[in-house]
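Chain by chain, the residues:
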Amino acid sequence: FLQQVSQVRLYLQTHGTCPTLDVVVLLDGGVSMARRFGRHPQGYYALVEIMRDWAKDLPLSGNPAGDTQVNENSIRLAFVQFAGSSLWPAGDQKQILSPSGAGTSEGRFTGSISEIQKDLEYQEDNFMGASSAYQPAPTTTYLLAGLQQSVNLFRTSPVDGRKRVLIIVIDSPIDDKDKYQTALAELAASQVQVFGAAVRPFAAVSADDHQTDIDLQEVVPKNGHFVSVEIDQLAASLNGLCDPNSQWGQFVGANPQSSSMPCSLITNVTSCSKNTHCVWYDSTLSCVDSLCLKHCDPPSCSSDVANNCVWNGGSCESKQTCSYASALTCDADPVCAWEAGACAKVMCDHINEQGCITDPNVCVWDNLDQTCTKKLCNYNSADKCLLDTKCVWTTVDAQCTPKQCLYSDKTACETTEPGACVWKHNMCTIAPCRQYPSEIECYKNSTCEWTTECQLKYCERYAADSNACDGDSRCMWQQTSCVEKTCSTLDACRCHRDNDCFWEAGICKTAVFGGCPALDIVLAVSGSASMAQSFGRHPQGFFGLMELLKVWVSKLALSGEKAEMPLPIRNKGTRVGLLQFSGSSSTATAGSVQWTPPGIGTAGRLSGDRTQVREDIDWQEGNFMAQGTFAAAVLSVASDLFRTSPNGVTRVLLIFVDRQIQDAQNLLIPRQELLQLNVVVFGIVVRRFVSHTAADTDAEAALKPITTTPTSEHFYNSEMDGIPGILDELCDPQSTWGRHIVDPAARRPCGNYDNKATCTADSQCIFNNSLVACMKSPCIKHCEQAVCEADKTCTYNDVEQTCNSAVCSSHVTQQLCTADNSCIWRSSMCVGKPRKPCDYPNENSCLADSTFECEWHSIGNVCKEKSCLHAEETTCSTDPLCSWNTACAPAVCVPLPCQHSIPAECMADARCAWVNDARCELNACSAYTNEMCCNQAAGCNWNVTQSPAFCSAEFCGSLEGDEYACKAEQACMWGAARKTKCMKKDCNSFTDQCACRENSNCIWSVSSVRCIYKRYETCPTLDLVVLLDGGVSMARRFGRHPQGYYALVEVMRDWAQSLPLSNERSGAASTSGTRAVRLAFLQFAGSELWSPSDSRQVLAPTGAGTSMGLLTGASDEVEADLVYQETNFMGGSLVMQPVPQTTYLLAGLQKAVSLFRTSPVDGRKRVLIIVTGTEFQDTSSYSTALTELTQAAVQIFGIAVRSSDAPTPPDEKVQQALRPVVSLPADEHFVNVQIDAITDSLSSLCDLNSTWGKNVGKAVTVRQPCQSLSSSVCVSDSQCVWVGATQSCADKCPCANATCLPYNHCEADLNYVAKCIPDPNPCGNMLCAPYYHCEPGVNNFPSCVPDPNPCANTTCQPYYDCKLNAANVPQCIPVSDPCANMTCAPYHDCEPDSSNIPQCVPVSDPCVNTTCPVGTYCEPNASNFPQCIPDPTSVPTDPPTTFIPTSAPSTPKPISDVPATGIPSTAVPTSIPSTVLTNPPTTLSPTVPQSLAPSTPKPISDVPATGIPASDIESHFSTINTQTYQ
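Let us look at the structure shown here. Note that the structure is predicted; figures quoted are calculated from it, not measured.

### Focus on the overall build of the protein
Argument step 1. In terms of helices and strands, the protein carries 41 helices and 68 strands.
Argument step 2. For the protein, the residues scored as buried account for 46% of the 1526 residues in total.
Argument step 3. Put simply, 58% of the contacts in the protein that link residues at least 6 apart link residues at least 24 apart.

### Section: the state of the cysteines
Argument step 1. All told, the structure shown has 48 disulfides when counted by the stated rule.
Argument step 2. Disulfide pairing places C272 opposite C287 at an S-S distance of 2.2 Å. Every disulfide takes its handedness from the sign of the S-S torsion; for C272 and C287 that torsion is 85 degrees, giving right-handed. Taken as a pair, C272 in helix α8 (residues 269-274) and C287 in strand β10 (residues 286-289) lie far apart in primary sequence, 15 residues in all.
Argument step 3. We classify C272 as buried; its relative accessible area is 0%.
Argument step 4. Of the residues examined, C287 reaches a relative accessible area of 3% and is grouped as buried.
Argument step 5. Just so you know, C296 is unpaired, no disulfide at all, and the nearest cysteine sulfur is the one on C316, 8.9 Å from it.
Argument step 6. Assessed through its relative accessible area of 67%, C296 is described here as exposed.

### Brief notes about the environment of S105
Argument step 1. For S105, the location among the structural elements is in the loop between β5 (96-97) and α2 (113-125).
Argument step 2. With a relative accessible area of 1%, S105 lands in the buried category.
Argument step 3. Taking C-alpha positions, S105 is 7.5 Å from P64, a pair spaced 41 residues apart along the chain.
Argument step 4. Once you skip the residues sitting within four places of it in the chain, S105 turns out to touch A65, T110, E115 and D119.
Argument step 5. Separated by 2.5 Å, the side chains of S105 and D119 make a polar contact.

### Focus on the sheet that holds strand β53 (residues 1098-1099)
Argument step 1. If you trace the 6 strands from one edge of the open sheet to the other, you get β53-β52-β51-β54-β55-β56, paired in mixed fashion. Each edge of the sheet is formed by a strand with only one pairing partner; in this case those strands are β53 and β56 (1230-1234).
Argument step 2. By the bridge criterion, 8 bridges tie strand β51 (residues 1022-1029) to strand β52 (residues 1077-1084) in an arrangement that is parallel. Opposite V1025, over in β52, you have A1080 as the bridge partner.

### Regarding the side chain of T574
Argument step 1. One can find T574 in strand β28 (residues 574-581).
Argument step 2. Filtering out sequence-adjacent residues up to four positions away, T574 remains in contact with L519, I521, L556, A557, L558, S559, S607 and G608.

### Things to note about the pattern of salt bridges
Argument step 1. In the structure shown here, the tally under the stated rule is 38 salt bridges.
Argument step 2. The residue E1188 makes a salt bridge to R1157 at a minimum N-O spacing of 2.5 Å. Taken as a pair, E1188 in helix α35 (residues 1183-1191) and R1157 in the loop between α34 (1146-1156) and β54 (1165-1172) lie far apart in primary sequence, 31 residues in all.
Argument step 3. Residue E1188 is classed as partly exposed on the basis of its relative accessible area of 28%.
Argument step 4. For R1157, a relative accessible area of 60% translates into the label exposed.
Argument step 5. One salt bridge connects D1227 with R1219, and the closest N-O pair in it is separated by 2.9 Å.
Argument step 6. Linked through salt bridges whose partners overlap, the residues forming this network are E547, K550, R614, D618 and E621.

### Observations regarding α2
Argument step 1. The end-to-end C-alpha separation of α2 is 18 Å, in line with the 18 Å expected for 13 residues at 1.5 Å each.
Argument step 2. Looking at the buried residues of α2, the elements they touch are α1 (43-57), β4 (75-82) and β5.

### Here we look at the pairing of strand β24 (residues 481-484)
Within a regular strand, side chains alternate between the sheet's two faces.
Argument step 1. Sheet topology note: the strand β23 (residues 475-478)/β24 ladder contains 4 bridges and is antiparallel. Paired with Q478 across the bridge in β24 is S481.
Argument step 2. From the end of β23 to the start of β24, which pair antiparallel, there are 2 residues, and Q479 there has a positive phi angle of about 60 degrees.

### Some thoughts on the side chain of D696
Argument step 1. Position of D696 among the secondary structure elements: in helix α21 (residues 694-703).
Argument step 2. For the buried residue D696, which engages in no salt bridge, the nearest side chain bearing the opposite charge is R687, 5.3 Å off.
Argument step 3. Engagement of the side chain of D696 in a polar contact is seen with the side chain of N717, the distance being 3.2 Å.
Argument step 4. Leave out the neighbours within four places in its chain, and D696 touches D658, V685, R687, S691 and N717.

### What about the packing of aromatic side chains?
Argument step 1. For the structure on display, the rule yields 19 aromatic pairs.
Argument step 2. An angle of 15 degrees between the planes, with centres 4.5 Å apart, marks the rings of Y1045 and F1129 as stacked. On the criterion of sequence distance, the pair formed by Y1045 in helix α32 (residues 1044-1058) and F1129 in the loop between α33 (1115-1127) and α34 is long-range, its members being 84 residues apart.
Argument step 3. Centroid distance F1197 to W1252: 4.7 Å. Interplanar angle 40 degrees. Geometry classified as tilted. Here F1197, found in strand β55 (residues 1194-1202), pairs with W1252, found in the loop between α37 (1238-1243) and α38 (1253-1256); they are 55 residues apart in sequence, far enough to count as distant.
Argument step 4. By relative accessible area, F1197 is classed as buried at 0%.
Argument step 5. Directly above the aromatic system of Y458 lies the positively charged group of R474, at a separation of 3.7 Å from the ring centroid.

### A word on the sheet that holds strand β8 (residues 226-230)
Argument step 1. One open sheet holds the 6 strands; their spatial order is β5-β4-β3-β6-β7-β8, and the pairing between them is mixed. Across the chains shown, the open sheet's two edge strands, defined by having one partner strand only, are β5 and β8.
Argument step 2. Sheet topology places β4 next to β5; 2 bridges connect them, and they run antiparallel. Residue pairing across strands places Q81 opposite L97, the latter belonging to β5.
Argument step 3. Sheet strands touched by helix α5 (residues 207-219): β6 (163-170), β7 (192-200) and β8. Its angle to β7, the strand with the most contacts, is close to 180 degrees.

### Re the nonpolar core
Nonpolar side chains in soluble globular proteins tend to be buried together.
Argument step 1. Core analysis: the largest hydrophobic core is formed by 47 residues, its most contacted members being M1052, W1055, L1079 and I1238.
Argument step 2. The leading source of residues in this core is α32, at 8 residues.
Argument step 3. Judged by nonpolar contacts, the second largest core, of 39 residues, contains M51, W54, L60 and V169.

### Brief notes about α33
Argument step 1. Taking 1.5 Å of rise per residue, the 13 residues of α33 would be expected to cover 18 Å, and the 18 Å separating its terminal C-alpha atoms lies within 8% of that figure.
Argument step 2. Of all the residues in α33, the buried ones are E1117, V1118, A1120, D1121, L1122, Y1124, Q1125 and E1126.
Argument step 3. As for α33, its buried residues are in contact with α29 (931-936), α32, β52 and β53.

### Describing the packing of helix α3 (residues 144-155) against helix α4 (residues 181-189)
Argument step 1. The contact between α3 and α4 brings their axes to 9 Å, and the two run at 25 degrees. With respect to each other, α3 and α4 are oriented roughly parallel. Between α3 and α4 lies a crossing of left-handed hand. Across the interface between the two elements, L144, L147, S150, V151, F154 and R155 from α3 touch A183, L184, E186 and L187 from α4.

### Quick look at the environment of S323
Argument step 1. When you line up the elements, S323 lands in the loop between β12 (315-318) and α10 (327-332).
Argument step 2. Using a relative accessible area of 51% as the deciding quantity, one classes S323 as exposed.
Argument step 3. Residues S323 and C336, 13 residues apart in the sequence, show an inter-C-alpha distance of 9.1 Å.

### Overview of the environment of W884
Argument step 1. Turning to its location among the elements, W884 is positioned in strand β41 (residues 882-885).
Argument step 2. Residue W884 is classed as partly exposed on the basis of its relative accessible area of 23%.
Argument step 3. Sequence-wise, W884 and C868 are 16 residues apart; in three dimensions their C-alpha atoms are separated by 9.4 Å.
Argument step 4. Not counting residues within four places of it along the chain, the set of residues in contact with W884 comprises H870, A871, E872, E873, C876, S877, A891, V892 and C893.

Cut-offs and rules
The numbering scheme is per chain: residues are counted from 1 as the chain's sequence reads. pLDDT decides what is reported in this predicted model: residues at 70 or higher carry local features, side-chain atom pairs at 80 or more are listed and counted, and totals for whole chains, interfaces and linings draw on all residues regardless. Each side-chain value is worked out from all heavy atoms of the structure, with water and hydrogens disregarded. For helices the rule is a DSSP run of H or I covering at least 4 residues; for strands it is a run of E covering at least 2, with both sets numbered from the N terminus onward. For each residue, the accessible area found with a 1.4 Å probe, counting protein chains only, is set against the maximum for its type, and the residue is called buried under 20%, exposed over 50%, and partly exposed in between. Should any heavy atoms of two residues lie within 4.5 Å, those residues are counted as being in contact. Two cysteine sulfurs form what is called a disulfide whenever their separation falls within 2.5 Å. Contacts described as polar in this section are N or O atom pairs within 3.5 Å, which, within protein, must combine one atom able to donate a hydrogen with one able to accept it, while residues neighboring in sequence count only if both atoms come from side chains. Two strands qualify as a pair provided DSSP detects at least 2 bridges between them. The salt bridge criterion pairs a side-chain nitrogen of Lys or Arg with a carboxyl oxygen of Asp or Glu, the two atoms within 4 Å. Helix span, expected: 1.5 Å multiplied by one less than the number of residues in the helix. Neither His nor the chain ends is counted toward charge; the positive residues are Lys and Arg and the negative residues Asp and Glu. Pairing of aromatic rings covers Phe, Tyr and Trp, the last through its six-membered ring, and needs centres within 6.5 Å; plane angles under 30 degrees mean stacked, over 60 mean edge-to-face, and all others mean tilted. Note on geometry: a ring has a charge over it if NZ (lysine) or CZ (arginine) is within 6 Å of the ring centre and within 35 degrees of the ring normal. Between the N-to-C directions of two axes lies an angle of 0 to 180 degrees, each axis being a line fitted to C-alpha atoms and, for a helix, fitted only over the stretch in contact. The term nonpolar core refers to a set of buried residues drawn from Ala, Val, Leu, Ile, Met, Phe, Trp, Tyr and Cys, joined through side-chain atoms within 4.5 Å. In these notes the angle categories are as follows: under 35 degrees is roughly parallel, over 145 is roughly antiparallel, 65 to 115 is roughly perpendicular, and the rest is oblique. When the near helix sits turned anticlockwise from the far one by under a right angle, the crossing is termed left-handed; a clockwise turn instead gives a right-handed crossing.

Fair warning: the whole summary comes from geometry, so function is off the table for now.
Next comes the structure, spelled out in structure tokens:
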């Protein structure tokens, strides 16, 4: 700290506000100081060394002893040693020792550092307790002589306004307590402030330590002037002597005449802004040193425009804001405005909420618009308020507020201020509850509640509708009104049916508290004056906190026992006690804690009665103490309350503070009392804003040590509205707090079981596979026994009178369990078998199974049980379905791959290839079984496009040699300089400007003369540090990545390779204005064995080839760094992250701070990116580091990595821990994504249109086109060329802006004019179907056309011709008439055989046209010639002259009755009388026409098999009348 008073001096900042001081230090030199103190073998020598370190940092006056010159704001010291021997009376001068001898102060005040060092050397060499001459036996501890020597010294102190301080350091009880009252009175008369420090050898307080504390506090009468500490903690009290914000410093105080003060001690924006050495940060509400102070010479100071620096009187300062003398120059500055004849800073120009609402100009933050504006109607009197027509004065809380709802039409009324106004009775009126301007007034109306303003309670919307009320899960109908549902009022049946409630031991509890054991809780709430400030959406913090506690207590499962009841013996239920603490340095112990008086509520006792606890809260709300923050008394009172707790009850103390506890050094003894009573102490720092400020981090540092060990798991630093979520987890065994008070084996609400096995073991629960969650069983909702027993999936429990799932939990032994086919023995319990292993409908639930080893198969969308889980090679090799894979370390057993016998199935499996048209084999890359091993193999990468993920060949490499297919892929590019290679797109590989610019994703950087990705065109010069979470939790599966950390490193590798690195090696000087990037990768984890700041909690690269943990722009060093981080995963080594493991961020932030200190101050941007998948456990530790990063103008971005597509509760906790760390506004510096989506955020870092990029990127100067440039400008532009032939300027790469059709390329002519030229071989490697070939067509577009004569080379067998099918494939087909040229013998025909060869075959009926004489018939001979031969059966007879029917004809049927299909053959007689056949009638009846005389009859066999066609009947018998020829 640089202070300019009468002379320039440098101080530690802690001493920057020291007044002129004379200080006497009394050092205990008794024999007990010779013992071990902690890690110090001898306490006295350690004490002297502490004094030596403290003294050399003090702003000493410089005057030697005896010099009377006064130097303001400086200190003089005197050290006196005291001990004691019973041989000498109290007060004997032999009981003390003052320095003497050459070079010492001779026992006087001195401001000379050399004399002080000599004094301490003298005291060190003459330790009284080590010499029987100084302290003969019997030894004792007398203080009187030391006090008298102090009185004498202070008599020499000038009366000039300086302050006088006596510090007593002692380790043993005082034996002359009754002797020193006179000395104390003289010290008080001399206005000496007396401070006391009782030092003890160990953390534990012994009986002697306790007595020492009591004795010393009698010497130090004022509260706050005493500390009880271990010896190494003493320095903190000494160094705080001049700090007005410390325990001791508040009494010594800053010098009122001091012309300067360290920035860190300034607490308001107005004072900070007036100091040219300081800068105010809204994000942390702190005043810090201006970055201008880092400049030590005028040139570098004046060149720092970004920080508005100016050289003034030997130092670099920030320019005074808005110090303009004229209105013109004032108004020209956007942050200034000319008002009332002076230039002033524009009011309420803050960009975040905390800066806005803490502005003394009284600003108001608009949550909707995220803007800060000046508060309207900010009048403090009714008269001024009423003069403003837009304001109204409320007499209840004496406030002036803006008038609302001044609208004359319905639309404006209902839309301008949504929710604030309602149109009623043809006028605009204020909506119910919105008339109350403060939270206090709001809650006085029982129908209202406070959010960001006062509004109707949620359930009030159903005020007149009981059915709608009961239909809403948040509400219930109670007598005549709709109120918020309270589980405690429900009977067993309704409790079981309500998913928000839990029935146990005759009590219906809110489900989140269902796991609570019998509890006694004391709430200790700070009533400090700072709690009167606004906290987030709460205008008054104390009242807001009390209202939150009121809601929380209403949900607790209270025991019902009133405070006045005798000591109960309880198994379940909760009692609550409420204490408010505050006080001041002068307040008596009893006055710094208060509880309700007799007759009100609990009267300061524990109670399980809801009404009594509610009365306590109401009383405390109305009796806000509004003083300091002193906690020792409240811890003692809490101990008294817990002494009334019965055995077996869990005791919990919850402490709420918002600022640093002022008597923190006095809390050790009351804390030990609490621990002896087995009280679990939790602490919450209530902070005002999203971001941490110095106030809440200081509060955390003081509160955290009070909580139960491990303190990181018993403490939260939270915004006020985050407190209900913390308290609601108090009885969740999976939560940070709950696991310390809940029995993990106890029954709990179904939602509190975190895995399927424990869920299904509870007969009242079932596991929902789709939601991956434990839920109430449908059986528990059956309230009647008969209904329960009718449900075959349920069983009735007569003891509990509940309906439970008929699950396997009743089997208490493995033998009974396995005997039940529906059950399985898992983790020492019997659980129901799933319908089948891994029976899940989606990927998330499949991978979340903790009972079976499951994996999701995206082909078919099915969850399957993993196979080949053999851990040893021998068992794996004997399994015929498995193989032992040694491609990666460690070797693993895997299913036999590529067991496909069908080519199509083989080729459909991306891991396999069909080889030599004979077998299915594993691709080379697919042999690698883990992600890290895969990505390290050349040409391979981990493929997550399907599940299970696998190792595959890099996609672009598979398109080798095919330029057009390569260019068609977005992720690929054709090799630089037009080589025949397809590669992953990489703009950095182009060395030729034109080749670069012709790629749409690339741009040529003029400043760095190289090719970069277009998305990084707007990057400024950038130093970038990435903190990677290397904690053990990152070893788990993240989506389709088997191990999250290795996947994270691979994402970083791909991203880093795309960045425009500066090529500057680590340790080398960095050049400004390069528009390039330097990188550093750090890994952080955590172990509770070490402190959060321990350097072992962070890992920086070391070894040959790496950056050695420095910023680097060299790609080879970046890759070596990532390889180092990859192979040294902290979470995979118990050496780097020993148990108990946790996640600490502080060491990583501190390392980042040290890296950014090496970043030049040349206008470059600085960015820190934190990537984590775990909740931090040291949130209270890193406020200083964040302040340093803010001072260094570092923008902090955060990436919370989640393991599945939907955020889980642990993901939400990661988010809550990370958001306060990032820069403001947090929403623009933070994302919560899956691991594969990280690249999107990283790649947008310089994109001005992205959320992240607009905070980092730099606007690019718009270039004029080359064509518009003159010759002189043209030749100086690296992207242009002057063309002599045309006397004009042209783009050196005209093809960069040309667009050619596919299969055409751009070429520039001699005048740099772009022309599209057809590619010489557009067909390239284009494959066509057989009998097709590739030909370029219109616009050179290649297409497959049919070959002109595919039959030319095709030979067919005889009587076959070559013909083309529809696909132009030649085929041999039979000729249509092979008999065309064939001549056969008579009575033979030509017919083709089955091979289409013509053959002569006999005709089937050669006699068909042959008429033989009577008595003969026709029959073919051996050559198939017809011939007539005699019929041996023929007998010649005379024919009858008359034909007489043998019987009367039947009734003839008309022709129309003949079926359309003819007469079936079955209807023709099988035989005809021979007389009819051999003797046909010669004479016909006159009715039969002559023309129908029968011809020679034919055999029955000639009737066709299909019958006689109807057409034949029609043609031959159409003339028959009513008689039919029979």
